[in-house]
Amino acid sequence: MSEEEPRLDFIRQIVADDLKSRRHAGVVTRFPPEPNGYLHIGHAKAICLNFGIVQEYGGRCHLRFDDTNPAKEEEEYIRAIQEDVRWLGFDWGEHLYHASDYFEELYSYAEALIEAGKAYVDEQPPEILRDERGSLTEPGTDSPLRSRPCEESLDLFRRMRTGEFSDGAMVLRAKIDMSSPNLNLRDPVIYRILRQTHPKTGDAWCIYPMYDFAHGQSDAIEEITHSLCTLEFENHRPLYDWLVKNLPVPSEPRQIEFSRLNLSYTVTSKRKLLQLVQEGHVAGWDDPRMPTISGLRRRGVPPEAIRELCKQVGVTKYEGVTDIQVFDGIIRDQLNSDAPRRMSVLRPLKVVITNYPEGQAEEIDAPNHPGNEGMGTRKLPFARVVWIDHEDFMEDPPKKYFRLAPGAEVRLRYAYNITCQGVVKNAAGEVVELHCTYDPNSFGGGGNKVKGRIHWVADAGAIDAQVNLYDHLFCEVDPSAGEGWLDNLNPDSLKVMHSKLELSLADLAHGDRVQFERSGYFTPDPSSTTQAPIFNRIVALRDGWAKIQAKQN
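Everything quoted here is computed from the prediction, not taken from an experiment. (Residues numbered from 1 in each chain as written. Predicted model: local features only at pLDDT ≥ 70, side-chain atom pairs only at ≥ 80, totals over all residues. Heavy atoms only, no water.)

A. Structural view of helix 9 (residues 270-278). Buried within helix 9 are the following residues: Lys272, Leu273, Gln275 and Leu276. Along the axis of helix 9, the buried residues cluster in a sector spanning 155 degrees; they form a single face. When the buried face of helix 9 is taken as reference, the exposed residues oriented beyond 90 degrees from it are Arg271 and Gln278. At the C-terminal side of helix 9, glycine 280 shows a positive phi close to 75 degrees. (Buried < 20%, exposed > 50% of the residue type's maximum accessible area, 1.4 Å probe, protein only. Helix = DSSP H or I, 4+ residues; strand = E, 2+ residues; numbered from the N terminus. Arc of directions from axis to C-beta.)

Structure below.
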């Protein structure tokens, strides 16, 4: 490999070698989600890998729903998954499939396995099956029904299909090796009785294949060349291979495992995410604090940032945890060059400029992006009353504090220098208003040179808005550790602010992203209206003063 050629990850190397050796004429991959919840950031890596490989090497990627457990599957999840994959920038074209498309073929494969003496019906209770399975240190025990005649098992299996038996009364098991060190090979259950209306097939079936049985055979039916799975399926690969080799399937796909994407301060267990939703810890699957793709989309994270995260994490066989700050940094980098700048005051503090003429107003030109002149300028109204952020004022400031304080002078960004002359407090002793003077000669950089520059919004033309400041949902690096994982929820993961924003933000559409200067990147919530604007923080900016405070503490 020449120095100019990028080094391939191990999966891409396998694909490249297979194509070079003509083992496969083309590449066929698949993304096979189970429609029992919303996709999360971990799924994004699998999506980017499966669809990305076929974009690079040619071929096609199927979207196949593993809908073998109707008790947990909903049409809502199916629609949401398709929306998420498209939003990430990928398209399966005409190749949308469901495992349920192959229920008849899968059933015939099961019969073939029985006829070959490699599967049997077992009606022992579930607890007995668990005991007979053994443990990691003890071999399993043969079921007394393991030697049942093929004809008898075939008759029972056909009667299972016709609904003659109750749910859980019996199962179909593959006959492999009860002494295998791999527990997945100890005569695994491959079919069970389950009377549950299926989202796609309705009540046509009362028996359903287990995931391990449907997975490989669906791959084979679709002629998948490279079946890419996360590492938790590595121990299932011997069963995958055994079934493919012992069934009359039309092709022999290869399963390859890779490490999943894990982020610090993040939970990606579907069970736990569902619990968060059901118990009301979040406002739904698309709550902007959730690691779901729909939640990230609602928060305003661009799909390019998610794809870049997956690229930087890479494809390996080593499990690890990526610092959430890496993801935040990628989001900032994506937004920094393109997001227009706007003025906002998240915690409004009224400022009256006492020497500015009453009734007078002016318009100030402000760049839409200081680093990109091509993005043009906008007009900002300026008058006697403006709003600044409470955090930009201290009555008794420490050293190295260059924002506004009694007697201190700062520059209002793009406008004038002001000096605080007086403080107005309420009955509780809280500062509610400042009286300042301005230097008329300081516009455009004139007047005294000051270190502090603060943002502001003129009272005339300001809009009132709800601003949601989202932070990480958990306050522990590994929040899922232990049974008390809900105790790790961050009580400050959402702060709702009632803020003042510049008028140009009134008509911003959802999906548009802007930087609130010195505050962070924001986007309108889907529920936002012109009459009641709501903005979600995508990611905060780095705060120099916060760093100083942290160092002092």
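There's plenty left to go through after this.
B. Seen up close, the sheet that holds strand 23 (residues 514-516). Strand order in the open sheet formed by seven strands is 10-23-24-25-21-22-11, with mixed pairing between adjacent strands. Edge positions in the open sheet fall to strand 10 (341-342) and strand 11 (344-345), since each of these has one partner strand only. Where strand 21 (residues 463-470) meets strand 22 (residues 494-501), eight bridges bridge the pair, whose relative direction is antiparallel. Looking at strand 22, one finds that alanine 465 is bridged to serine 499. Contacts between helix 12 (residues 324-336) and the sheet are confined to strand 10, strand 24 (520-524) and strand 25 (534-540), with strand 25 contributing the most and set at about 115 degrees to the helix. (Pairing = 2+ DSSP bridges. Contact = heavy atoms within 4.5 Å. Axes fitted to C-alpha atoms, helices over the stretch in contact; angles between N-to-C directions.)

C. Quick peek at the nonpolar core. Ranked by internal contacts, the top residues of the largest apolar core, which has 47 residues, are Ile41, Ile47, Val85, Ile306 and Phe327. With nine residues, the single largest contributor to this core is helix 2 (residues 41-57). In terms of nonpolar packing, the next biggest core, distinct from the first, is built from 38 residues, Ile114, Val121, Ile176 and Phe213 among them. (Core = buried A, V, L, I, M, F, W, Y, C linked by side-chain atoms within 4.5 Å.)

D. Up close: the sheet that holds strand 3 (residues 96-98). One open sheet accounts for three strands, arranged 1-2-3; its pairing is parallel. Every interior strand has two partners, whereas the edge strands, strand 1 (27-31) and strand 3, have only one. Neighbouring strand axes in the sheet, compared pairwise and without regard to direction, differ in orientation by 30 degrees on average. Along the sheet, helix 3 (residues 75-87) contacts strand 1, strand 2 (59-65) and strand 3; its crossing angle with strand 2, the most-contacted strand, is approximately 155 degrees.

E. Broad picture of helix 2. Relative to the 24 Å expected for 17 residues at 1.5 Å per residue, helix 2 spans 25 Å between its end C-alpha atoms, a close match to the ideal helical length. The element helix 2 is largely enclosed, with a buried count of 14 among its 17 residues. Looking one or two places after helix 2, you find glycine 58, whose phi comes out positive at around 85 degrees. (Expected span 1.5 Å × (residues − 1).)

F. Region of the structure containing unusual backbone geometry. The backbone of lysine 400 sits at a positive phi, close to 65 degrees, despite the residue not being glycine. Residue position: lysine 400 is located in the loop between strand 15 (385-389) and strand 16 (409-412). For lysine 400, a relative accessible area of 60% translates into the label exposed. Even without being a glycine, tyrosine 414 presents a positive backbone phi close to 70 degrees. Checked against the element boundaries, tyrosine 414 lands in the loop between strand 16 and strand 17 (417-425).

G. Structural detail: the environment of lysine 72. Mapped onto the fold, lysine 72 is located in the loop between strand 2 and helix 3. Considering only alpha carbons, one finds lysine 72 and asparagine 36, 36 residues apart in sequence, at a separation of 5.3 Å. Setting aside its immediate chain neighbours within four residues, lysine 72 contacts Pro35, Asn36 and Tyr77.

H. Spotlight on the pattern of salt bridges. Throughout the structure, instances matching the rule amount to 36 salt bridges. Arginine 64 is paired through a salt bridge with aspartate 219; the nearest N and O atoms lie 2.6 Å apart. Separated by 155 residues along the polypeptide, arginine 64 in strand 2 and aspartate 219 in helix 7 (residues 211-221) bring together distant segments of the chain. We note that arginine 64, like aspartate 219, is buried. One connected set of salt bridges, linked through shared partners, spans Arg30, Arg64, Asp219 and Glu222. (Salt bridge = Lys/Arg side-chain N within 4 Å of Asp/Glu carboxyl O.)

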